[in-house]
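Structural overview
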Amino acid sequence: MHPDMRPRFDVVVLGGGPAGTAAAMRLARAGAKTLLAHRPPRRPARHAETVILAGAALPGLPALPSYGVQSSWGGPALLDHDFITTIPSAAMAGLRWHVDRPALDARLRAEAEAAGACLQPVTTVRWARRPGGWQVEMEETAGLRIIEAGWLVDCTGRGAHLARSQGAQRIVGDRLAAFSVRLGPIPAGVLEQRTRLEAVRDGWWYLAPVPPDGAALTFLTDGDLAAARAARTAAGLATLLTGTRHMQGWVAALGCPLAGPVQAAPAGMAWLANAAGDGWLAAGDAALAGDPLGGQGVAQARALGEQAGATLLQDGPARAAALADYQAHLSRRAATYRRLLRQVYSAEWRWPEAPFWARRAVAPCPE
Ligand SMILES: Cc1cc2nc3c(=O)[nH]c(=O)nc-3n(C[C@H](O)[C@H](O)[C@H](O)COP(=O)(O)OP(=O)(O)OC[C@H]3O[C@@H](n4cnc5c(N)ncnc54)[C@H](O)[C@@H]3O)c2cc1C
């Protein structure tokens, strides 16, 4: 097909996770001709997620309100952080949810489509810069589809595929890796609707529900440490678990054996030195991925996706100013996040000589 005859979109958003769906929704609602190209994850994540979802519609979704966090961090005693009494009104008690992420993401994609975005499931996407825009080739079940686009938004998650293809530098702040196993099904009433967290010499553990009737146990350590090698199998994780004071009891109470595949995933902080370039910008984890300790990745991805969409809705010089604001906002956010993270990690003082904690207490983050 001649390029002039190809369908043209104002914006193509790559990635149908929290960031991509928020960007597509913002753009489509404002009338921009938007295509959301979604490639399903190759390996669905096995860790549990507790998300802040202000304004998102949850009816019918497998999701459980989360009532708090119980943690052993900075000492052997257990501390309770209760979401019910620490937030201002009972009406907001459901703000944090234990979710089934694939179901949540499917719901968010349906919402973007309802807002007017064209949802395109793909297996592979290729892009090439052309004068005045982009040519985007998408492999789909029906064959190859080629379209033209004015802008591309990279919401491809930690891979930041588009941004990196355009030469953007991705800065990796640390080597944190997550090793996760699923547990369940768990009989009703056994699993509490809160997150359990424990710091240990080589990192930290968390256990949280995965609706409707499961849970996930995750161990986080640095990928280059011996503990990371041990954590790659269920048997290795079970051995590491015997070194915990609380977590082994919490897991034992669920009555499920630690079995099944262990999924390893990068979980450290990473960000782009430049989150926007000639005809593209990045949002969500592609632009700034946080440490799971913050528990805010989905909310942050949604906020950045919205902001990226709003930026592209500007015209002419206003858009150039909005792009500069977007980059400045991201840089400030990354700096604040790193400072707060270091404070939280520094609160754990029991193993100052252990590499995992020594790195977090003293190592300066790359700028
Ligand atoms: C161990 C762990 C625990 C976490 N716990 C929490 C938690 O409790 N609460 C919380 O809020 N956050 C948590 N997070 C963070 C959260 O998962 C992310 O911040 C969030 O998913 C980022 O959303 P995103 O849309 O930017 O990227 P993603 O969710 O990664 O979505 C990117 C999408 O793009 C697709 N894609 C990739 N490449 C392409 C391509 N070339 N073309 C088209 N599509 C593509 C992917 O398949 C994927 O669907 C956790 C993360 C980890 C690692």
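Numbers given to residues run from 1 along each chain, matching the order in which its sequence is written. Reporting of local features is limited, given that this is a predicted model, to residues whose pLDDT is at least 70; pairs of side-chain atoms are given and counted only at 80 or more, and all residues count toward the totals for whole chains, interfaces and linings. To obtain the side-chain values, all non-hydrogen atoms of the structure were used and water was disregarded.

1. Thoughts on the overall build of the chain
Per the secondary structure count, the chain includes nine helices and 21 strands. Computed over its C-alpha atoms, the radius of gyration of the chain comes to 21 Å, within 12% of the 21 Å expected for a compact globule of 367 residues. Principal axes of the C-alpha set define a box for the chain whose edges measure 65 × 45 × 40 Å. Buried means the residue's accessible area, taken with a 1.4 Å probe over protein chains only, is under 20% of the maximum for its type, while exposed means over 50%, and partly exposed covers the values in between. Sorting the 367 residues of the chain into buried and exposed places 48% on the buried side. Any two residues having at least one pair of non-hydrogen atoms within 4.5 Å are treated as being in contact. Summarising the internal contacts of the chain: among those between residues at least 6 apart in sequence, 70% fall at separations of at least 24. Secondary structure follows DSSP: runs of H or I at least 4 residues long count as helices, runs of E at least 2 residues long count as strands, and numbering of each begins at the N terminus. With C-alpha atoms as the basis for the radius of gyration, the globule rule is written as 2.2 Å multiplied by the number of residues raised to the power 0.38.

2. Points about the site of the ligand
The environment of the ligand is formed by 31 residues, the closest being R39, E49, T50, R101 and D285. In protein, a polar contact means a hydrogen-donor-capable atom and an acceptor-capable atom, both N or O and within 3.5 Å, with residues adjacent in sequence counting only if both atoms are side-chain atoms; elsewhere, any N or O pair within 3.5 Å suffices. R39 places a polar main-chain atom, nitrogen or oxygen, 2.5 Å from an oxygen atom of the ligand. Within the contact set of the ligand, an oxygen atom lies 3.2 Å away from a backbone nitrogen or oxygen of P41. Protein contacts shield 90% of the accessible area of the ligand, which totals 1,000 Å² for the unbound molecule. Only helix 1 (18-29), strand 2 (34-38), strand 3 (49-52) and helix 7 (297-312) provide two or more residues apiece to the shell around the ligand. Three classes are used: nonpolar for Ala, Val, Leu, Ile, Met, Phe, Trp, Tyr, Cys and Pro, charged for Asp, Glu, Lys and Arg, and polar for all others, with Gly counted as polar. Across the shell around the ligand, the residue classes tally to 15 nonpolar, 12 polar and four charged. Consider each residue's heavy atoms; a residue with any of them within 4 Å of a molecule or strand counts as near. For accessible areas, the Shrake-Rupley method is used with a probe of radius 1.4 Å. Any residue's cover is judged against the shown protein chains and nothing else.

3. Re the side chain of T50
Position of T50 relative to the elements: it lies in strand 3. For T50, the contacting residues outside a window of four places in its chain are S66, R96, W97, H98, T195 and G295.

4. Regarding the environment of T336
Looking at where T336 falls in the secondary structure, it is placed in helix 8 (residues 316-346). It is 35 Å that separates the C-alpha atoms of T336 and G116, two residues lying 220 residues apart in sequence.

5. Notes on the environment of G31
Mapped onto the elements of the fold, G31 is located in the loop between helix 1 and strand 2. Residue G31 is classed as exposed on the basis of its relative accessible area, which comes to 60%. The sequence separation of G31 and G116 amounts to 85 residues, and the corresponding C-alpha distance is 8.0 Å.

6. Topic: the pattern of salt bridges
Any carboxyl oxygen of Asp or Glu within 4 Å of a side-chain nitrogen of Lys or Arg constitutes a salt bridge here. Evaluated as defined, the whole model comprises 15 salt bridges. Where R194 meets D80, a salt bridge forms, and the shortest distance between an N and an O atom there is 3.0 Å. Residue R194 is found in the loop between strand 13 (176-183) and strand 14 (195-200), and its partner D80 is found in strand 6 (residues 79-82); the two are separated by 114 residues along the sequence. Taken together, the shared-partner salt bridges connect R175, D222, D224, R359 and R360 into one network.

7. With respect to the sheet that holds strand 17 (residues 263-266)
For two strands to count as paired, DSSP must find a minimum of two bridges between them. Read from one edge of the open sheet, seven strands run 6-5-14-15-16-13-17, paired in mixed fashion. Strand pairing shows two members of the sheet lacking a second neighbour, strand 6 and strand 17, which therefore form its edges. For this sheet, the mean inter-axis angle between neighbouring strands, taken without regard to orientation, is 20°. Throughout, an axis means a line fitted to C-alpha atoms (over the contacting stretch in the case of helices), and angles, computed between N-to-C directions, take values from 0 to 180 degrees.

8. Brief notes about the sheet that holds strand 7 (residues 96-99)
Strand pairing in a sheet relies on backbone hydrogen bonds, with the paired strands running either antiparallel or parallel. In space, the three strands of this open sheet follow the order 3-7-4, with antiparallel pairing throughout. Each having just a single partner strand, strand 3 and strand 4 (63-65) make up the two edges of the open sheet. On average, adjacent strands in this sheet sit at an angle of 35° to one another, irrespective of strand direction.

9. Overview of the packing of aromatic side chains
Any two of the Phe, Tyr and Trp rings considered here, Trp counted by its six-membered ring, make a pair once their centres fall within 6.5 Å; the pair's planes then place it as stacked at under 30 degrees, edge-to-face at over 60, or tilted in between. The full count for this structure, using the stated rule, is nine aromatic pairs. Judged by centre distance (6.1 Å) and plane angle (75°), the ring pair of W73 and W204 falls under edge-to-face. A residue pair is termed long-range when its members are at least 10 positions apart, and W73 in the loop between strand 5 (68-72) and strand 6 and W204 in strand 15 (residues 203-210) qualify at 131 residues. Among the aromatic residues, those joined into a cluster by ring pairs are W73, W204, Y206, Y345, W351, F356 and W357. We call a charge positioned above a ring when the Lys NZ or Arg CZ atom is no farther than 6 Å from the ring centre and deviates by at most 35 degrees from the ring normal. A cation sits over an aromatic face here: K33 above F9, 4.7 Å from the ring centre.

10. Looking at helix 8
By this rule, a helix spans an expected 1.5 Å times one less than how many residues it contains. Counted at 1.5 Å a residue, the expected span for helix 8 with its 31 residues is 45 Å, and the 46 Å between its end C-alpha atoms agrees. All of the buried residues along helix 8 are R319, A322, L323, Y326, Q327, L330, A334, Y337, R338, L341 and Y345.

11. Concerning the side chain of R302
Within the secondary structure, R302 sits in helix 7. Buried charge R302 goes without a salt bridge, the closest partner of opposite sign being E111 at 4.8 Å. Within polar-contact distance, the side chain of R302 engages the backbone oxygen of P18 at 3.2 Å. In this tally, Lys and Arg are treated as positive and Asp and Glu as negative; His is ignored, and so are the chain termini.

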